[in-house]
Amino acid sequence: MTILTLQLALQIILTLTSFLSFTLAQNLVDNYAPTINANCPNTSAGPLVRTFMPQTQVLNTSETEYITSRESNTIPNAWSNWLGNASDIEYNFQDLQGKFPRVGIAIGGDGLRTAQYGAGALSGLDWRNDTAREQGTGGLLQVASYLAASSGGSWLLGSLLMNDWPSLQELVYGNGADLSSWMLDLDLIVPSSALLDDADNQAYWGSILASVESKNNNGVPTSMTDVWSRMVSYHFLNGTTRDNFYTNDTSHGAGQLWSQMSLLPNFQNNTMPFPIVAVDSRQAGSGLATTLNSTVYEITPFEFGSWDPGLSAMLPLRLAGTYLTNGMPANTSACVTGFDQASFVMGTSSSFFNAALNVTDGDFGFDTEDGEEGGMNFLFNQLSSHTQSDAMDAANWPNPFKGINPATFEDSSSDWLELLDGGSNLEQTPLSSLLVNARGLDVIVVIDGSADDSNNWPNGTSLLTTFERITSVLSSSHQPMPPIPGTAQLFASTAVNMRPTFFGCEVIQNQPGYPIIIYLPNAPPLDGSAPATNTANTQLSYSSLFTAVFINQAFENTLGGFKPNTNLPDPYWGRCLKCAAIDRAVPARSDFCAQCFQQYCYDPTHPPNSTEVPGRQLAFVDPDPDGLDKVERWLSLNKGTLAGLIIAVVLVIAGIIGFM
């Protein structure tokens, strides 16, 4: 009885403490609230939503202008930097001028694992990275026209974009000036400690709840996805440092809008690929899981909507949050602006707790020992008590597509859309966004950070799901997929999930053309050393040492390719990557590139064998079991004590980070 009374007392104290900060905080974090009753654009020329048929797809005018400008003014020079005169792959660069393939990159998989894997892989493809450039892989990122992401990949994408496209080294580790590092040692849910009554945790939660309530006070229902989004914001958007993490001295990313990305200098000068975030959905009010037929939406700096044949409609992103019927507002001042918070876009795409959350009791399935489950339970109860929500386990988006395509669009009669993690339908990497017919891609790089098998490695499930969706749902609106292994078991037995693979090297006569897919799965280190990149979706903190080891392994694998039947990197991999990227532009394949394709291409008539990648260690090994950050935090509280240890910590991490 005494224990129960103490627990109840603690809960009351916590509730009062958080709710006071929740309701009294009127500060910069309230910029998370959208503006309602805003003036709408003139509708005399037509509805605010554009619709189309799968056979008559047209890109948004601003997207077309961006791609045209990037491919005219930026990408040719990037190809020249990367290929040089192209003699190392036995082509003449002058013959390739004006024929460059259109390239896209897709990054997907859940949580912090994928954000870090994507960072390591992209760094290995980045011309700005000296080591990657010397190895020949650095440069592919610069020739890409599109960069799509979902789930944990959206955290990386949003962080890159909203920080105006820094190098991956600067983004992850900071630059000592305007960029602080990713603070992944601060747990996403319980950053200070595992204790619910920790004062810093309470300050963090109070600030987050204040943001979410400010949105709710403007009449926009919220959910746990809003709470999740604000947590993501603290860790990946600009404005948050270790010094202000538990204060409201900054907005912690509130007010940063996805639709205002176009105002950033490196967007305006076409330096970055055109960004796309993918999100899944379920029929509003159904409570059902997603299926292959569930509408998949995308969010760009200019539009929100879906290319799926059942909807085929797009809304200007700046008007997201507005109720529309047949594309029209209720009146001229019924529009909403500021709904497209960057953190909410990232949170909508990455709320992988959707599948586990029990909305009856607030059970999330997170770790109970480190405080994460208790923290989420507490936040759930606070939000349920003080705000309204149509669906606590989904992102609530007012439906701008009401009345459109009632025969084929499942939410045509609904006021709300219930949007879910971008990998909810098992298409972890947003490949279908890059297969849209109107985008006309020739080459797609798939950076797959999924955790499919018992050791948390990808097993091809994402590609298989895309293949099935293309075949059964999207055949009229999207490019076909090239041949791939037909099952997850075949992905494993051919070991194409353990090394880089090219799919679609040979276009079949009298068949619709498909792009080459360059598949870069998260895989164990080439040399057989202990892997650190196959962590669980629900690991929500990483020490600085862990992050350094993790990203370095992803980086080294991206640079290494594979040398069949050995544990050695391929010294020709950088050149082979160039061969795959430029292949659709050449009339005849060079002898060197033909040899590369023999090694890296998947041939369904003569599939590879898992014996070609021997000696890989599959079981995860924690690179920092003692928690280096515990030492770092202790040192920060005991300044002047054992100062040499601080230097040692820095040197240990610096020695591991090969990609810096």
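Residues numbered from 1 in each chain as written. Predicted model: local features only at pLDDT ≥ 70, side-chain atom pairs only at ≥ 80, totals over all residues. Heavy atoms only, no water.

Participant: Tell me what's going on with the overall build of the protein chain, and back it up with residues and numbers.
Facilitator: In terms of regular secondary structure, the protein chain is built from 21 helices and 14 strands. Counting across all 660 residues of the protein chain, residues that qualify as buried make up 58%. Total accessible area computed for the protein chain in this model is approximately 24,100 Å², and 53% of it derives from carbon and sulfur atoms. (Helix = DSSP H or I, 4+ residues; strand = E, 2+ residues; numbered from the N terminus. Buried < 20%, exposed > 50% of the residue type's maximum accessible area, 1.4 Å probe, protein only. Areas by Shrake-Rupley, 256 points an atom, 1.4 Å probe, with all protein chains shown as cover.)

Participant: Let's hear about the packing of helix 18 (residues 573-582) against helix 19 (residues 591-600): which residues, and what values?
Facilitator: Where helix 18 meets helix 19, the axes come as close as 9 Å, and the angle between the chain directions of the two elements is 95°. The angle between the axes of helix 18 and helix 19 places the two elements in the roughly perpendicular class. Along the contact surface, helix 18 presents Trp573, Arg575, Cys576, Cys579 and Ala580, while helix 19 presents Phe592, Cys593, Cys596, Phe597 and Tyr600. Taken together, the residues of the contact of helix 18 with helix 19 break down into nine nonpolar, no polar and one charged. (Axes fitted to C-alpha atoms, helices over the stretch in contact; angles between N-to-C directions. Parallel < 35°, antiparallel > 145°, perpendicular 65-115°, else oblique. Contact = heavy atoms within 4.5 Å. Nonpolar A, V, L, I, M, F, W, Y, C, P; charged D, E, K, R; others polar.)

Participant: Could you give me a rundown of the side chain of Lys578, with the residues and numbers involved?
Facilitator: Checked against the element boundaries, Lys578 lands in helix 18. Among the residues examined, Lys578 registers a relative accessible area of 8% and is labelled buried. Apart from residues no more than four positions distant in its own chain, Lys578 is found in contact with Trp82, Leu83, Asp88, Ile89 and Gly136.

Participant: I'd love a proper account of the packing of aromatic side chains, names of residues and values included.
Facilitator: By convention here, two paired aromatic rings are described through the distance between centres and the angle between planes. In this structure the tally under the stated criterion is 40 aromatic pairs. Note on Trp79 and Trp82: the rings are 5.8 Å apart at their centroids and 35° apart in plane angle, and the pair reads as tilted. A residue pair is termed a helical-turn pair when its members lie 3 or 4 positions apart in one helix, as Trp79 and Trp82 do in helix 3 (residues 75-83) at three residues. Under the relative-accessibility criterion, Trp82 is labelled buried at 3%. On the basis of an interplanar angle of 25° and a centroid distance of 6.1 Å, the ring pair of Phe502 and Trp573 is categorised as stacked. With Phe502 in strand 13 (residues 501-503) and Trp573 in helix 18, the pair connects residues that are 71 residues apart, well separated along the chain. Here the two residues Phe502 and Trp573 agree in accessibility, since each one is buried. Through a chain of ring-to-ring contacts, the aromatic side chains of Tyr297, Phe304, Phe339, Phe344, Trp397, Phe401 and Phe409 assemble into a single cluster. (Phe/Tyr/Trp six-rings, centres within 6.5 Å; stacked < 30°, edge-to-face > 60°.)

Participant: Describe the environment of Tyr542, listing the residues and the values that go with them.
Facilitator: Inspection of the secondary structure assignment puts Tyr542 in the loop between strand 14 (516-521) and helix 17 (544-560). The spacing of Tyr542 and Leu112 is 430 residues in sequence and 8.6 Å in space, taken between C-alpha atoms.

Participant: Before we move on, can you summarise unusual backbone geometry with the specific residues and values?
Facilitator: Look at Ser151: it is not a glycine, yet its phi comes out positive at around 55°. Relative to the elements of secondary structure, Ser151 occurs in the loop between strand 4 (144-149) and helix 7 (152-162). At Leu426, a position not held by glycine, the phi torsion is positive, near 80°. Position of Leu426 relative to the elements: it lies in the loop between strand 11 (416-420) and helix 14 (431-434). With a relative accessible area of 49%, Leu426 lands in the partly exposed category.

Participant: Hey, could you go over helix 3 for me, with residue numbers and the actual values?
Facilitator: Of all the positions in helix 3, only Ile75, Ala78, Trp79, Trp82 and Leu83 are classed as buried. With its buried residues spanning 115° around the axis, helix 3 presents them on a single face. Contact partners of the buried residues in helix 3: helix 2 (61-73), helix 4 (93-96), strand 3 (103-108), strand 4 and helix 18. Once helix 3 ends, the next one or two residues include Gly84, with phi positive near 60°. (Arc of directions from axis to C-beta.)

Participant: Quick rundown of the pairing of strand 11? Include the residues and the values.
Facilitator: Among the five residues of strand 11, five are classified as buried, and the element is accordingly described as predominantly covered. Residues Trp416, Glu418 and Leu420 point to one face of strand 11 and Leu417 and Leu419 to the other, with burial holding for every one of them. Pairing between strand 5 (residues 274-282) and strand 11: three bridges, direction antiparallel. Within strand 11, the position partnered with Ser281 by the bridge is Leu419. As paired strands, strand 10 (residues 395-398) and strand 11 are joined by four bridges and run antiparallel to one another. (Pairing = 2+ DSSP bridges.)

Participant: With reference to specific residues and values, describe the state of the cysteines.
Facilitator: Joining two cysteines, a disulfide is a covalent bond between their sulfur atoms. Evaluated as defined, the whole model comprises four disulfides. With a sulfur-sulfur separation of 1.9 Å, Cys505 is cross-linked through a disulfide to Cys601. Judged by the sign of its S-S torsion, about -95°, the bond between Cys505 and Cys601 is left-handed. Placement of the pair is Cys505 in the loop between strand 13 and strand 14 and Cys601 in the loop between helix 19 and helix 20 (628-637), with a sequence separation of 96 residues. Take Cys505 and Cys601: they sit in the same class, and that class is buried. One disulfide bridge connects Cys576 with Cys596, the sulfur atoms lying 2.0 Å from each other. Judged by the sign of its S-S torsion, about -70°, the bond between Cys576 and Cys596 is left-handed. On the criterion of sequence distance, the pair formed by Cys576 in helix 18 and Cys596 in helix 19 is long-range, its members being 20 residues apart. Owing to a relative accessible area of 3%, Cys596 belongs among the buried residues under this scheme. Looking at the protein chain, its bonded cysteines, counted consecutively from the start of the sequence, adopt the pairing 1-2, 3-8, 4-7, 5-6. (Disulfide = S-S within 2.5 Å.)

Participant: Go over the environment of Leu324 with me, naming the residues and quoting the values.
Facilitator: Structurally, Leu324 can be placed in the loop between strand 8 (313-316) and strand 9 (335-337). For Leu324 and Pro400, which are 76 residues apart along the polypeptide, the C-alpha to C-alpha distance reads 4.5 Å. The contact partners of Leu324, leaving out residues within four places of it in the chain, are Leu48, Val49, Leu315, Pro329, Asn399, Pro400 and Lys402.

Participant: An account of the pattern of salt bridges is requested, with residue identities and associated values reported.
Facilitator: Under the definition given, this model contains 18 salt bridges. One salt bridge in this structure joins Lys215 and Asp226, with 2.7 Å as the shortest N-O distance. Placement of Lys215 in helix 9 (residues 199-217) and of Asp226 in helix 10 (residues 224-236) is noted, with a sequence separation of eleven residues between them. The residues Lys215 and Asp226 share a single accessibility class, namely buried. (Salt bridge = Lys/Arg side-chain N within 4 Å of Asp/Glu carboxyl O.)

Participant: I'd like a description of the side chain of Ser312, backed by residues and values.
Facilitator: Mapped onto the elements, Ser312 comes out in the loop between strand 7 (303-306) and strand 8. Not counting chain neighbours up to four residues away, the residues in contact with Ser312 comprise Arg50, Thr51, Phe52, Pro54, Ser306 and Trp307.

Participant: Lay out the packing of helix 9 against helix 10 with the relevant residues and their values.
Facilitator: Each pair of packed helices can be described by the angle between their axes along with the distance between the axes. Axis separation between helix 9 and helix 10 bottoms out at 9 Å; the angle between their running directions is 125°. Classified by the angle their axes make, helix 9 and helix 10 are oblique. For the pair helix 9 and helix 10, the crossing hand works out as right-handed. Two secondary-structure elements touch here, helix 9 through Tyr204, Ser207, Ile208, Ser211, Val212 and Lys215 and helix 10 through Asp226, Val227, Arg230, Met231, Tyr234 and His235. (Left-handed = near helix turned anticlockwise from the far one by under 90°.)

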